[in-house]
Amino acid sequence: GAEIIRRAGYGKVTPDSLCTFLAAYMDCGHKAKAALAAGLSYSSILKAEKDDPEFAAEVEQAHELFTAKLSDAAYKAAGCRDAGVRGPADGAIVFR
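Starting afresh in each chain, residues are numbered from 1 along the sequence in its written order. Totals for whole chains, interfaces and linings use every residue, but because this is a predicted model, local features are given only for residues with pLDDT of at least 70 and side-chain atom pairs only at 80 or more, for both listing and counting. Heavy atoms from the whole structure form the basis of all side-chain values; hydrogens and water molecules are not counted.

Caption draft 1: Highlighting the overall build of the protein chain. The helix count covers DSSP runs of H or I at least four residues long, the strand count covers runs of E at least two residues long, and both are numbered beginning at the N terminus. In terms of helices and strands, the protein chain carries four helices and zero strands. For the protein chain, the N- to C-terminal ordering of α and β elements is α-α-α-α. Each residue is placed in one exposure class: buried if its accessible area under a 1.4 Å probe, protein chains only, is under 20% of its type's maximum, exposed if it is over 50%, and partly exposed if it falls in between. In the protein chain, which comprises 96 residues, the proportion classed as buried is 25%. Relative to all contacts within the protein chain whose residues are 6 or more apart in sequence, the contacts with residues 24 or more apart total 53%. In what follows, residue pairs with any heavy atoms lying within 4.5 Å of each other are defined as contacts.

Below you can see the structure in the form of structure tokens.
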């Protein structure tokens, strides 16, 4: 995989930096990369999850939203209207 370049110094964990992390995590689905985008270390994210159950639940929700976004993209690429409809985009039923 790609090497992650470490920053010389990490920022302090603040509510704003955690919000930035959550937004980046929903977008990329990778905790270490999202931590770097927020100016935080991966270990500071793990510690925040361990120390704050509410934040841990938000991280889980961000992961679920990321995977739902991937799933929706896959269904659209396959020609489906939405994740609830698993058939041709025109709605036709084909019998063979």
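Caption draft 2: How the structure looks around helix H4 (residues 53-77). Over its 25 residues, H4 runs 36 Å from end to end, which matches the ideal 36 Å to within 8%, given 1.5 Å per residue. Burial in H4 covers these residues: Phe55, Val59, Ala62, Phe66 and Tyr75. Tucked inside the fold, the buried residues of H4 contact helix H1 (15-28), helix H2 (31-37) and helix H3 (42-51). The N-capping residue of H4, defined by a side-chain oxygen 3.1 Å from the backbone nitrogen of Glu54, is Asp52. Once H4 ends, the next one or two residues include Gly79, with phi positive near 90°. Given the number of residues in a helix, its expected span is that number minus one, multiplied by 1.5 Å. N or O atoms closer than or at 3.5 Å make up a polar contact, with two conditions inside protein: a donor-capable atom paired with an acceptor-capable one, and, for residues adjacent in sequence, both atoms drawn from side chains.

Caption draft 3: The arrangement of the side chain of Ser44 in detail. When you line up the elements, Ser44 lands in helix H3. For Ser44, the side chain forms a polar contact with the main-chain oxygen of Ser41, separated by 2.6 Å.

Caption draft 4: Quick peek at the packing of aromatic side chains. When the centres of two rings from Phe, Tyr and Trp lie within 6.5 Å, Trp using its six-membered ring, the rings pair. Their planes under 30 degrees apart give stacked, over 60 give edge-to-face, and anything left gives tilted. Overall, the coordinates contain two aromatic pairs when judged by the stated rule. Centre to centre, the rings of Phe21 and Phe55 are 6.1 Å apart; their planes meet at 50°, and the pair counts as tilted. With Phe21 in helix H1 and Phe55 in helix H4, this residue pair connects regions lying 34 residues apart in the sequence. Of the aromatic side chains, those joined through ring pairs into one cluster are Phe21, Tyr25 and Phe55.

Caption draft 5: Main features of H1. Over its 14 residues, H1 extends 20 Å from the first C-alpha to the last, a length consistent with the 20 Å expected when each residue adds 1.5 Å. All of the buried residues in H1 are Ser17, Leu18, Phe21, Leu22, Ala24 and Tyr25. In this structure, the buried side of H1 is in contact with H2, H3 and H4. Taken from the residues just after H1, Gly29 is the one with a positive phi, measuring 70°.

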